[in-house]
Amino acid sequence: MTLNERKRKILESIIRDYVCSAEPVGSRAIAKRYDLKISAATVRNEMADLEEMGYLEQPHTSAGRIPSETGFRYYVDCMMEKEVLGDEELDLLYKVVKENIQEWNDTVSGIGNFLAQVTNYASFIIVPSIKFSEFKHLQVVPMEAGKAMVLIVTDLGLIMHRKIDIPNAVKQEDLQIIGDVFNRVFRGKKMEDMRRSDLQTIRDDLRKRKKVIDNALEAIDSLLQNSGEDRVVISGALNILNEPEFKDMEKLKAILRILETDGQLRDIIPDKIGEEVDIKIGKENPAEEIKEMSLVFAGYKTFGEMGKMGVIGPVRMEYWKAAGTVESVRTVIEDIFKKYFS
């Protein structure tokens, strides 16, 4: 049902006030605080209409109103303007990325922490399993003293670059020999045919350069372990403690159980999502445990697969800020992938 301009302004004012205060909102407060240029009595009549239409609820007889889930949905679908990250916040995000750019897994953790800090909700990033098929090339590149970069290339292109420690006595020719041995053992192998027994073969061939080999093998071992299933990175779970809705210990425990269990959170997010930001409000969520929560999420493209990211918080959420932040961060993730990982 379409609302007229006055009702839209009153609904938005109540939503903004309730999100900020977590308390029912009265007509007098709305009339004064938002300069609607109408009397409190007129606001009260409009609020009664909005309640009858299902957009507001009155939790107590003598109290003000709060937005219903239907009211939040109307606002999100028909009125909301996303607040994307400003230049200062984007600069901070790119700084976080550069500090963690040695490996994609570290980059994801840094982005998740940033998302949780900016929104003050719990954030999640689901990194899709790496479905490359064939190992192409490994190279160990000398960096500054005592450091080298392991570059691993598959049929999808560069999928890992990790900085490792090397003894100062190791020369560039040694690193070339190390790369040659790795490539002799692995080149052209399908990923499903690569086994950790191959890593032992390399260890036997290169015992004299043991320190470098061990670190390079650790990088490949990590790749083999993480290529089979989606990885879930959760940040800011304790932000839930700040929300008055979850002072009830049983409610809090249910939410924290979801956030600490990869499989449960993975099941809550829809299988098929696009790059546009989507919002599930309260009872729209399929899982019983989060029917008093809201999800704001989007997909992002990585290694030819679709990853998922977003935030989880109370129904009384700053949807405009959460949606804008998720959209901005999604864009940054895809930009980082193009720049550093492809």
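Please refer to the structure placed before this passage.
Residues numbered from 1 in each chain as written. Predicted model: local features only at pLDDT ≥ 70, side-chain atom pairs only at ≥ 80, totals over all residues. Heavy atoms only, no water.

(A) Examining the sheet that holds strand E3 (residues 122–127) more closely. Taking strand neighbours across the sheet as the criterion, the five strands line up as E7-E3-E10-E9-E8 in an open arrangement whose pairing is antiparallel. The open sheet terminates on both sides in strands that have one partner only, identified here as strand E7 (231–235) and strand E8 (278–281). If you compare each strand with its neighbour and ignore which way they point, the axes differ by 20 degrees on average. Two elements, strand E9 (residues 293–302) and strand E10 (residues 305–314), share 10 bridges in a ladder whose sense is antiparallel. Residue pairing across strands places Lys 301 opposite Met 306, the latter belonging to E10. (Pairing = 2+ DSSP bridges. Helix = DSSP H or I, 4+ residues; strand = E, 2+ residues; numbered from the N terminus. Axes fitted to C-alpha atoms, helices over the stretch in contact; angles between N-to-C directions.)

(B) Up close: the nonpolar core. Counting residues in each nonpolar core, the largest one holds 55 residues, and the members touching the most others are Leu 11, Ile 279, Val 296, Tyr 319 and Val 329. Ignoring sequence-local partners within four residues, the contact set of Tyr 319 consists of Phe 72, Val 76, Met 80, Ile 279, Ile 281, Ser 294, Val 296 and Pro 314. Leu 138, Val 150, Ile 202 and Leu 217 belong to the second-largest nonpolar core, a separate cluster that totals 22 residues. (Core = buried A, V, L, I, M, F, W, Y, C linked by side-chain atoms within 4.5 Å. Buried < 20%, exposed > 50% of the residue type's maximum accessible area, 1.4 Å probe, protein only. Contact = heavy atoms within 4.5 Å.)

(C) A look at the packing of aromatic side chains. As enumerated under the stated definition, the model contains three aromatic pairs in all. A ring pair is formed by Tyr 75 and Trp 320, whose centres lie 5.9 Å apart and whose planes are at 85 degrees; its orientation type is edge-to-face. On the criterion of sequence distance, the pair formed by Tyr 75 in helix H4 (residues 69–78) and Trp 320 in helix H12 (residues 319–340) is long-range, its members being 245 residues apart. For Tyr 75, a relative accessible area of 1% translates into the label buried. Over the face of the ring belonging to Trp 320 we find Arg 16, whose NZ or CZ atom lies 3.9 Å from the ring centre. (Phe/Tyr/Trp six-rings, centres within 6.5 Å; stacked < 30°, edge-to-face > 60°. Lys NZ or Arg CZ within 6 Å of the ring centre and 35° of its normal.)

(D) Geometry of the pattern of salt bridges. Taken as a whole and judged by the stated rule, the model has 14 salt bridges. Of the charged contacts in the structure, one is a salt bridge between Arg 16 and Glu 83, with a shortest N-O distance of 3.9 Å. You can see Arg 16 sitting in helix H1 (residues 5–21) and its partner Glu 83 sitting in the loop between H4 and helix H5 (87–99), a full 67 residues away along the chain. One salt bridge connects Lys 283 with Glu 69, and the closest N-O pair in it is separated by 3.8 Å. (Salt bridge = Lys/Arg side-chain N within 4 Å of Asp/Glu carboxyl O.)

(E) Spatial organisation of the packing of H1 against helix H3 (residues 40–52). Between H1 and H3, whose axes approach to 10 Å, the crossing angle comes to 85 degrees. On the basis of their axis angle, the class for H1 and H3 is roughly perpendicular. From H1, Arg 6, Lys 7, Ile 10, Leu 11 and Ile 14 reach across to H3, where they touch Thr 42, Val 43, Glu 46, Met 47, Asp 49 and Leu 50. Here the residues of the contact of H1 with H3 are counted per class, giving six nonpolar, one polar and four charged. (Parallel < 35°, antiparallel > 145°, perpendicular 65-115°, else oblique. Nonpolar A, V, L, I, M, F, W, Y, C, P; charged D, E, K, R; others polar.)

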